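Topology and contacts: notes
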Amino acid sequence: MWGSNWRWIGWFAVLVVGLVVVACSSEEPPQAQPEAQSAAVQTEEQQAQAQAQQELVTAEQPEAEAEQQQETDAAVAQVQQADEPQSQAETSGAEQEQQTESETQAEQEGAEQQSQPSQAATRTLEGVRGIVDPSNTGWPREVEGLNGIVSIPAKPMRIITASVGHDEMTLALVPNDRLVAVGSATKNHTYSNVADLVQDKAEISRDPEVIIAQSPDVVVTSPFFPVEAIDALQRAGIPVIQTDLIQGPEERINSILLMGYIFGEEQRAFEFADEVQARYESLIAITGAKSPQPSVLALTQYSDTLWVAGGNSTEGGVIVAAGGINAAEVSGVQGNQTTSLEGVIAMAPEIIIIAQPLAFGAEEFQQSLLTNEALAEVPAIKNGAVYIVESKHFTTLSYWNIRGAEDLARILWPDDFSAPPAETFSLAE
């Protein structure tokens, strides 16, 4: 039986099935994962299940939306074509003329660059979803979250987000010391892309009293944060804003600008939005022109259950950005859904990616796929094209999934992406 390493958590499998409908409305599946020291940690889009499991276990579970996260300048390898070689005698004069032309052009371009404002300078708050009055850059200011319109009385210097994706976004927008506390999953390198930056921070749970004890000026968090906890924090006079972290290109930029406005860091948000957009556009400038594009299936297994990521899923967005075709979406799957061996056979992917932590059996799952006779004719299995990828790049609800797309592009188009992508994104100073 597949996933035998996790049979000991089978006791809550029925609960997992019961939560499928809820989880499919979010970014990721309610994948059942093994307990780690009596607390199961999921990926950021698995929060709905995490909350239900919290009622069944005594240990505190991190927000496994599931809570999972500097400098970037993504270098894109560009192919340059050389002219036919000429004899040295013929080329000496031409080269000198070309050099003069190049210098003149460079001077002109430099002058134009200096006369034109940067994109960050041209960005505005107009049209940013969630900002009530874009012309108001003073305090107090209002934003509209999923929990309604919230007034922020002054620039928040003590911030809590209680969500891995939000923690990752926050550290890109404000100096590290303004994020005063994080959940345990943000400290966990398995789920978090910013774990190295937060090891010394206070650790919080979703208990309102624990959060209130940190005296935050604002709490920005995910749609999965408990309503009763929000009510308790608001009664204590703490502004709480729930925001989505939707991973389309436009939505990603909107989240950066909205959170920058909440924190009073509009200029940094403009600059970082430019950085993230440039890195994304550098990628798709190459991958978007590729043809034919391979069929890619994001497949995982938790508690003997297979999951695929279809349309409107985080992994699906990564696949498309990397220049692949989402096999699950082509088969009609939306969001994250369970499947079967027969389903995998019918999807016939050319490449399978496993965005599952090694600690939760990714390698064992990979081998079980490659050796399963029933799957022998699936193109990805037949050609050995089954890859384990860094799950926190593929499932996090932050700009870090651009890194996931860069990682996948190196698998799909190795000739175009021979150099590894930039390790990190920039941080606020």
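On a predicted model such as this, the values are computed, not experimentally measured, just so you know.

Section: the pattern of salt bridges
- In total, this model carries 10 salt bridges according to the counting rule given.
- Among the salt bridges present, the one from R279 reaches E406, with a minimum N-O distance of 2.7 Å. Here R279, found in helix 10 (residues 266-287), pairs with E406, found in helix 17 (residues 401-412); they are 127 residues apart in sequence, far enough to count as distant.
- Residue E406 is classed as buried on the basis of its relative accessible area, which comes to 5%.
- One salt bridge connects E377 with K382, and the closest N-O pair in it is separated by 3.4 Å.
- Residue E377 is classed as exposed on the basis of its relative accessible area, which comes to 60%.
- It is possible to trace a salt-bridge network through shared partners that takes in K155, R178 and E265.

Quick notes on the sheet that holds strand 11 (residues 240-242)
- The strand order 9-8-7-10-11 describes an open sheet built from five strands, whose pairing is parallel. Two strands in the sheet have a free side with no partner beyond their single neighbour: strand 9 (202-204) and strand 11.
- Bridge count for strand 7 (residues 159-160) against strand 8 (residues 179-183) is two bridges, and the pairing is parallel. Looking at the pairing, I160 lines up with A181 of strand 8.
- Helix-sheet contacts for helix 9 (residues 249-263) involve strand 7, strand 10 (218-221) and strand 11, and the interaxial angle to strand 10 is about 170°.

Overview of unusual backbone geometry
- In this model, W139 is joined to P140 through a cis peptide bond whose omega is 0°.
- Here P140 lies in the loop between helix 5 (119-122) and strand 5 (141-145).
- Look at the link from S291 to P292: it is a cis peptide, with omega at -5°.
- Residue position: P292 is located in the loop between helix 10 and strand 12 (295-302).
- We note that A162 has phi near 55°; this positive angle belongs to a residue other than glycine.
- If you trace the backbone, A162 turns up in the loop between strand 7 and helix 6 (164-173).

Considering the nonpolar core
- In this structure, I256, I262, F263 and I353 are the most contacted members of the largest nonpolar core, which totals 60 residues.
- Among residues more than four places away in sequence, those in contact with I353 are V296, L297, A298, L299, I319, Y387, V389, F394 and L408.
- Residues A328, F365, A380 and I381 belong to the second largest nonpolar core, which totals 19 residues.

Concerning the layout of surface pockets
- Empty space within the largest pocket amounts to approximately 370 Å³.
- Counting residues per element, the ones that place at least two in the lining of the largest pocket are helix 9, helix 11 (314-321) and helix 17.
- Among the elements that make up the lining of the largest pocket, the one with the highest residue count is helix 11 (six residues).
- Looking at the lining of the largest pocket residue by residue, the classes come out as eight nonpolar, 11 polar and four charged.

Remarks on empty space enclosed by the protein
- The calculated volume of the second largest cavity comes to roughly 40 Å³.
- Lining the second largest cavity are 10 residues, and of these A298, T300, W307, A309 and E315 lie nearest its centre.
- Those elements giving two or more residues to the lining of the second largest cavity turn out to be strand 12 and strand 13 (305-309).
- Tallied by class, residues from the lining of the second largest cavity come to six nonpolar, three polar and one charged.

Quick word on the side chain of S313
- Checked against the element boundaries, S313 lands in the loop between strand 13 and helix 11.
- For S313, the side chain forms a polar contact with the main-chain oxygen of G310, separated by 2.7 Å.

So, the side chain of K187
- Note that K187 resides in the loop between strand 8 and strand 9.
- Within the structure, the side chain of K187 is placed 2.5 Å from the backbone oxygen of K201, a separation counted as a polar contact.
- Those residues in contact with K187 that sit more than four places away from it in its chain are V182, A195, V198, Q199, K201, A202 and E203.

Observations regarding the pairing of strand 13
- The element strand 13 is largely enclosed, with a buried count of four among its five residues.
- The loop that links strand 12 with its antiparallel partner strand 13 comprises two residues; one of these, S303, has a positive phi angle of about 50°.
- The pairing of strand 13 with strand 15 (residues 336-339) spans four bridges and is antiparallel. Looking at the pairing, V308 lines up with Q337 of strand 15.

As for the pairing of strand 10
- Burial of the side chains of strand 10 extends over both faces: V218 and V220 are buried on one face and V219 and T221 on the other.
- Pairing of strand 7 with strand 10, which is carried by two bridges, proceeds in the parallel orientation. Bridging from a neighbouring strand, I160 pairs with V219 of strand 10.
- Here three bridges tie strand 10 to strand 11, and the two strands are oriented parallel to one another.

What about helix 14 (residues 362-370)?
- The complete set of buried residues in helix 14 reads A362, F365, Q366, S368 and L369. Down the axis of helix 14, the buried side of the element spans an arc of 165°, and every buried residue falls inside it.
- Close packing links the buried residues of helix 14 with strand 12, strand 13, strand 16 (351-354), helix 15 (379-382) and strand 17 (386-388).

A closer look at the packing of helix 6 against helix 9
- Interaxial distance between helix 6 and helix 9 falls to 10 Å at its minimum, and their mutual angle equals 65°. Seen from above, helix 6 lies across helix 9 with right-handed handedness. Contact residues: helix 6 offers H166, M169, T170 and L173, while helix 9 offers R252, S255, I256, M259, G260 and F263.
- Within the contact of helix 6 with helix 9, the residues separate by chemical class into five nonpolar, four polar and one charged.

What counts as what
- Residues numbered from 1 in each chain as written.
- Predicted model: local features only at pLDDT ≥ 70, side-chain atom pairs only at ≥ 80, totals over all residues.
- Heavy atoms only, no water.
- Salt bridge = Lys/Arg side-chain N within 4 Å of Asp/Glu carboxyl O.
- Helix = DSSP H or I, 4+ residues; strand = E, 2+ residues; numbered from the N terminus.
- Buried < 20%, exposed > 50% of the residue type's maximum accessible area, 1.4 Å probe, protein only.
- Pairing = 2+ DSSP bridges.
- Contact = heavy atoms within 4.5 Å.
- Axes fitted to C-alpha atoms, helices over the stretch in contact; angles between N-to-C directions.
- Core = buried A, V, L, I, M, F, W, Y, C linked by side-chain atoms within 4.5 Å.
- 1 Å grid on protein atoms, 1.4 Å probe; cavity = no way out; pocket = protein on both sides within 12 Å on 5 of 7 lines; lining within 4 Å.
- Points joined across faces, edges and corners; volume = space filled by probe spheres on them.
- Nonpolar A, V, L, I, M, F, W, Y, C, P; charged D, E, K, R; others polar.
- Polar contact = N/O pair within 3.5 Å; in protein donor to acceptor, adjacent residues only side chain to side chain.
- Arc of directions from axis to C-beta.
- Left-handed = near helix turned anticlockwise from the far one by under 90°.

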